[in-house]
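Single-letter residue listing:
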Amino acid sequence: MRRSTGTGGSLVMRRLCFEVLAAACASALPFDLAHSELQVCSGGVCEVERSAANEVRRLVATHKATHVEAVIARSYAGHEWEGLFPSPLSGIHCTASKCTLPLGDAYTYKLLRATVTPPAGTAHTTARLLSQGTFGVRKADIDAFSAAGGDDADASAAWFDAQVAAPPTLAQAYTRARQNPRHNSKTVGATYKPCGKGARYHAYAFATRDVGQALRVSKSNGVFVLKLSGVALTEVAEWAPGTGTFEICTVAEAFGDDGGVGVAAAGKCKNDAVRVPNPPVAFADSSGIVSVEADAVHVLTMRQMTFVLKRDQPSCTAFENADAVNAADLHFIKLGGAVHRYDRRLKLFANTPEAPSTEDAGEVSPGLCPAAAPTFMNAWQCRRGASPCAAAACGARGEAANDPTLGNRYTFLAKTQIDQVETVQNLDWPQALNDAKMLPFHNMALTADDQLRLRVAWALVQIIPVAEDGGGRLKDHSAYQQYLDTFIANAFGNFRDILQEVAYSPIMGKYLSFRGNRGYASGKTLPDQNFAREIMQLFTIGLWRLNPDGSEVLEGGEHVQTYDTRDIVTFARVWTGFFEQAHRGNIETQYENYVDPMRIDPQHRDTLPKTDLLGGYLGDGYPLCADLPPQHFLKRGAKYVYHGVESIEGEAYDGFSGTASEDLTPEGVTITVKSPAECMAWTHCGGADKAEHQAKFRVGVAEATGKEDIARDAAEKYLHGSNGEVLRVYGTVQLRDWSNDAAPTQMQITPFPENTDEADAYTAFVTQFNAKFPVGTQITVHNTAVKGRAPDALGQYTAAAGSELYTALCGGNGFDDKCTLPLHVMLSRALSCEDDTCRQVDDLTTVRIVVNDQAHYYTYVRPQCVKLAFFDGKLTGSQGWRGGIGKTAQCSDPAVPVAGAACCHKTVAGGSGQLAAAHKPPQCALLGERMRYATAAARCAAQGMVVCDGSLGPYDFTTACGASQQTWTDGSCGFEVEINGDGLINLISPTDKASGTWDTRFLNDTENTFYPRWGSEGFPTEASGDITADAWCVKTEAGKLHCSAQVADRPVFTSVPTRVDVEKRARIGAFNPVVTLAGYVCADGASCEAGADVVVYVKEGASIDTHAIIGLKREPARGGGYAWFMNRESYVIVGGHHTLRNPPAFMPLSGERPPSTKVAATYRPYLLYAEQSAHHETGALLDHLFYHPNTAPFLVKLLIQRFITSNPSPRYVTAVATAFSTGKAENGRGSGRYGDLHATIAEIMLDREARSSVLDADPGFGATREPFLKVLQVLRSLEMQTSHGQE
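Remember, predicted model here, so these are calculated numbers, not experimental data.

Colleague: Any details on the packing of aromatic side chains? Residues and values, ideally.
Modeller: Counting across every chain of the model gives 37 aromatic pairs. Centroid distance phenylalanine 1220 to tyrosine 1234: 5.3 Å. Interplanar angle 75°. Geometry classified as edge-to-face. One end of the pair, phenylalanine 1220, is in helix α26 (residues 1210-1222); the other, tyrosine 1234, is in the loop between α26 and α27 (1237-1246), with 14 residues separating them in the sequence. The pair phenylalanine 1220 / tyrosine 1234 is uniform in exposure class, with both members buried. A connected cluster of aromatic rings, assembled from ring pairs, spans Phe376, Tyr504, Phe514, Phe531, Phe539, Trp575 and Phe578. It is arginine 862 that lies over the ring of tyrosine 1169; its NZ or CZ is 4.5 Å from the centre. Sitting over the face of the ring of tyrosine 1131, arginine 1050 holds its NZ or CZ atom 3.8 Å from the ring centroid.

The following block contains the structure:
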């Protein structure tokens, strides 16, 4: 059917419509149908035969009291009897020919039969299949089925497989190909240049881009010459406004009655505009204008006298004028003798994940690179260094180049809400800007080959919709088309991928108002709950708990909710920190990026633990970060991301070499030993009772010129004698004479004893000094042991050339000239640790490799793990003020590598005394190293020192592993809780409160709260007498209870548990004891060898204690193998006798956040870690909803209703839900992974309930279809075509 504007054509079209529709109606029931009532069944048991192949038999129950009838069971096409909603009959038992139906006494029953006589041939069953799986049945499609031969089942399966294999038609690519707007200063993109392939020209002189320009008209030789910017645009014989200078007010781009130009004197457009025809471009002498051949152009039928160059032209005519504002637009070319004017148009580049754009920012748009940010959708396809304007070139799905030969059919906004009128006017076929979001999909549905994929996508987008205005994005095509592509691309993929893309979709974030959502600690308000509610209610699990057949679970005759208000409030805290990506080139709008998946800003993320819907926490089942195995960064699956020639820590760490070699002796000062060294009696070396004063010595020196201090910083120094001797000292070296300020006669020295607990250390120092520097020796002070050579310093981890890690990161064969430096590396096997450093460290941030004398940096991505919110902590601090760590004090988990080490000399009393300093602190293996507390203590002990008590400072590169880094101290700390009236708690850190910390997340009397899982005894309340004399709990001014909290652990099992017990009670995840951990053996070798459902691994020689690891066999559809759990329960005793299960958290908690946001070396790695943790937490919630027992029946019933019938049987729902859950349809199609939509749609389309046409005789087997779908099916069946190729 072709749209026509003529009356005769319209009548022909209408007659054809009526003829086709009449034929369609006549074939709506393609069989003869007879009804009959077989028998009436009484209460008890009714034995009935199965239906015949051409029958539908139904059992109808009538309630004796209410007389309400309901069909409760049926048999069709020879299949066994089955129950039907809404009151399915259960307990049906069938043999080969008969079925026994159990009946109740409260009803009367009757059997009804419908007999069908189908027409000859298979056309009606083919049409039935295609009407279910396409946007309209075409005769050619039916003919193709007949030509293929085979029975209905084989033909249907073959068609299904062909549809799955058909390449996807992406809405974004379809739309971008047809976006070719005019380019101006506001447009983000390059242009098709004059004379080049894709350049567009038109024969009419004026275009809408000329509005507002000054038009100068003169007359010469009887011809009016019209000029723009001093350049001739055209010459005409008549020009009604006459000569002079005019302002161009309006332009209609066409000839004849449809075209025209409005002009007026400058500033008079509103009232005095004169309209004249839009003249053609013409010159009395056009001999200088180059002509093109007809085969070199593509003529656009949607615009009068408009064409696009199909190939580059060797030369064009360009009128250049340095003073011309609009000169760039005035290029001309001739086609068939007619002159055409160049029309500057936007050029969009192809930038797909498979082939990222390598265009420079200057070519695309000044300062805007086309490269997309690496995300879960494209990261593994990004190309390192492929783009001149970005370290990595990453594409985006559907980001195709535009095709000027297709015209400008869809708007492309240059700026948000800017120039919308002009944008619409520039369309080759005008449309309402606000109503065009679905036009691309309409056209795809009518013409594309992948009909089933598009039908699946349409069904899914009805289940998970966004409004066409997209939460205010009413004008943008790209955002909406990208959202549609989520469902088109994944129609036969996995539903988990759809959930993730939806959750990160910026248009969904805007529509359901969680974009920009902030946690309470950041925004001081509770997060928006919109998306948290809808993703459960509408997208995944629904309101009520369901049985596998889709029926609702009843407890005590009542429906059971899947979630409540607490769950919405909790999950809203997951949907925080989401913001759009930075804008880039090659996409629509200039200020906001609504195309690429959102990013997470961890600074605005809620960091507290979250409960789940099944009595646990979102972090359940994930291993603890405290259990990360040694050298986890070398284990199989370890991930690294290329960061470039600068590390994530930045230049402060890259190439750090400590302090340059310096002579610290003041200029012009000569130090000559005059008398031997001796102890200063009032300091520590004068006796144990002087321990509070740092040990000092004095040496008599010949008079020096002027009073000078030499290097008062707390760092190691070296005394160099004129006799070649060298002695290391510490801290301040001073020239003093307390009795004579004019001429110093003493040098005071702080010694560098290895252990100040040793009584002989000071005597030894005096002896050593006097032996090395006898009277008369001249001394200079240096910062190095060897003059002129810089001291050794800490550095980042460098993988040695040829090592296994170097080879993996190099990406080639391990040799410099073959390195490819891949952007992402995942270790396919465990690597060897080939140096002492990797054997020492608990964690790693950066790996440096040197390729052809150039350093390149990779960032290690820590595996998914969680932390327990409550722990017995140790204080950490950073760059402490003189006298303590002050406001930087935090309570940190000693089992997690979150801080560096600083060592102090022991005092005589055994405590922590003088802070040790060295250019390369021996307790640190790496610059900025993070370690566990036990590692820090062991490193200090190896030097005969102890972890400092936190009262000393400052910590810097000479006393700790890095500046502004949290450092372990030996102070202990813990947590308390504040409880409100419904069991909601604040996690309180007394350390933070006492220090006046910058981190306000763990203070009392805030709304930064969460719901824990309380034990059976509930939570403390004032009414239950929990405010006690022993002060376990006290009541605050705000009416809350402030209670003590103690952490305790116990084993979950003491013997090998059952599968049910593990599923119910094991909560803390574990790393694989076979592949990842060392020192574990199977507690029962036979069960491990046999691959039992439950296996237990224990440490060698140990029993089933809290260190044991339990393996629970997983279903193949969920990855197979084993899920691993620690045999450990961590719980918190609150208020003396109440308990709560210690909640796991993904996000950084107390003691993990660096105190300064301005120090890149520590803050940038933290932000990366926190961002990764936020993604892990988001994924955990998506997994929780994805694997929820409701999701399969809830989703598949909605899908069945959109394809086959509004009233699917319980058996049908169960079959499809099983395909979703196992990843395999009954016919074997599917990947075998849970959530597989290929298997799901295969079961929907090929199940007997979908393919049995006799069911059309069942009055309950109807299907309600969307009006949109009805209209499209009529149009496609009529094979509608638009005039002039328009949309």
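Colleague: Go over the nonpolar core, please, and point to the residues and values.
Modeller: Residues Ile464, Met508, Phe531, Trp575, Ile1244 and Met1245 are the most contacted members of the largest nonpolar core, which totals 155 residues. A per-element tally of this core places helix α24 (residues 1160-1186) first, with 11 residues. Apart from the residues within four sequence positions on either side, isoleucine 464 is in contact with Tyr483, Phe487, Phe495, Ile498, Val502, Met508 and Phe539. Among the nonpolar cores identified, the runner-up in size contains 31 residues, and Phe633, Leu634, Tyr797 and Leu821 belong to it.

Colleague: Residue-level account of the sheet that holds strand β38 (residues 797-798), with values.
Modeller: In space, the five strands of this open sheet follow the order β38-β40-β41-β30-β39, with mixed pairing throughout. In this open sheet, the two edge strands, each paired with only one partner strand, are β38 and β39 (824-826). The pairing of strand β30 (residues 639-644) with strand β41 (residues 854-861) spans five bridges and is classified as antiparallel. By the bridge assignment for β41, lysine 639 is matched with valine 861.

Colleague: So, the sheet that holds strand β16 (residues 274-276): which residues are in play, and what are the values?
Modeller: Consider a sheet: its strands pair through backbone hydrogen bonds, and that pairing is either parallel or antiparallel. Pairing within the open sheet is antiparallel, and its six strands lie in the order β13-β12-β11-β14-β15-β16. If you trace the sheet from one side to the other, it starts and ends with β13 (231-236) and β16, each paired once. Pairwise comparison of adjacent strand axes, ignoring direction, gives a mean angle of 35° for this sheet. In the sheet, strand β15 (residues 260-264) pairs with β16 via three bridges, with the strands oriented antiparallel. If you follow valine 263 over to β16, its bridge partner there is valine 274.

Colleague: Which residues make up α27, and what values go with them?
Modeller: Within α27, 10 of the 10 residues are buried, which leaves the element mostly enclosed by the surrounding structure. Of all the residues in α27, the buried ones are Leu1237, His1238, Ala1239, Thr1240, Ile1241, Ala1242, Glu1243, Ile1244, Met1245 and Leu1246. The residue sitting at the N-terminus of α27 and contributing the capping side-chain oxygen is aspartate 1236; that oxygen lies 3.0 Å from the backbone nitrogen of histidine 1238.

Colleague: Any details on the pairing of strand β11 (residues 214-220)? Residues and values, ideally.
Modeller: Where β11 meets strand β14 (residues 244-252), four bridges bridge the pair, whose relative direction is antiparallel. Across the sheet, residue valine 217 finds its bridge partner in β14, namely glycine 244. Taken together, the six bridges between β11 and strand β12 (residues 223-228) define a ladder with antiparallel strand orientation. Paired with arginine 216 across the two strands is lysine 227, which belongs to β12. Where β11 folds back onto β12 in an antiparallel hairpin, the turn is made up of two residues, including asparagine 221, whose phi is positive at roughly 55°.

Colleague: Describe the pattern of salt bridges, and please don't skip the residues or the numbers.
Modeller: Scanning all chains against the criterion turns up 57 salt bridges. Close ionic contact of glutamate 69 with lysine 110 constitutes a salt bridge, the shortest N to O distance being 3.3 Å. With a gap of 41 residues between them, glutamate 69 in strand β4 (residues 69-76) and lysine 110 in strand β8 (residues 107-117) connect regions that are remote in the sequence. Relative accessible area serves as the criterion here: at 48%, glutamate 69 is assigned to the partly exposed category. You can call lysine 110 partly exposed: its relative accessible area is 22%. A salt bridge links arginine 74 to glutamate 82; the nearest nitrogen and oxygen atoms lie 3.1 Å apart. Residue classification places arginine 74 among the buried positions, given a relative accessible area of 1%. Residue classification places glutamate 82 among the buried residues on the basis of a relative accessible area of 5%. Linked through salt bridges whose partners overlap, the residues forming this network are Arg74, Glu82, Arg1211, Asp1247, Arg1248, Glu1249 and Asp1258.

Calculation notes
Within each chain, residues carry numbers counting from 1 in the order of the written sequence. In keeping with the predicted nature of the model, local features appear solely for residues at pLDDT of at least 70, side-chain atom pairs appear and are counted solely at 80 or more, and the whole-chain, interface and lining totals rest on all residues. Note that the side-chain values use all heavy atoms of the structure and ignore hydrogens as well as water. Side-chain rings of Phe, Tyr and Trp, where Trp is taken by its six-membered ring, are said to pair if the distance between their centres is within 6.5 Å; with planes under 30 degrees apart they count as stacked, over 60 as edge-to-face, and otherwise as tilted. A run of DSSP states H or I qualifies as a helix once it reaches four residues; a run of E qualifies as a strand once it reaches two. Both are numbered from the N-terminal end. A 1.4 Å probe rolled over the protein chains alone gives each residue an accessible area, and that area as a share of the maximum for its type sets the label: buried under 20%, exposed over 50%, partly exposed in between. Only Lys NZ and Arg CZ are tested; either one counts as a charge over a ring when it is within 6 Å of the ring centre and within 35 degrees of the ring normal. We define a nonpolar core as any set of buried Ala, Val, Leu, Ile, Met, Phe, Trp, Tyr and Cys residues linked to one another through side-chain atoms lying within 4.5 Å. The contact rule is simple, with two residues in contact once any of their heavy atoms fall within 4.5 Å. Any two strands with at least two DSSP bridges between them are considered paired. Note on geometry: axes are lines fitted to C-alpha atoms, helical ones only across the stretch in contact, with angles between N-to-C directions running from 0 to 180 degrees. The term polar contact refers here to a pair of N or O atoms within 3.5 Å; inside protein, the definition further demands a hydrogen-donor-capable atom paired with an acceptor-capable atom, and it admits residues adjacent in sequence only when both atoms are side-chain atoms. The rule for a salt bridge is simple: a side-chain nitrogen of Lys or Arg has to be within 4 Å of a carboxyl oxygen of Asp or Glu.

Interpretation in functional terms is not warranted from these geometric data alone.
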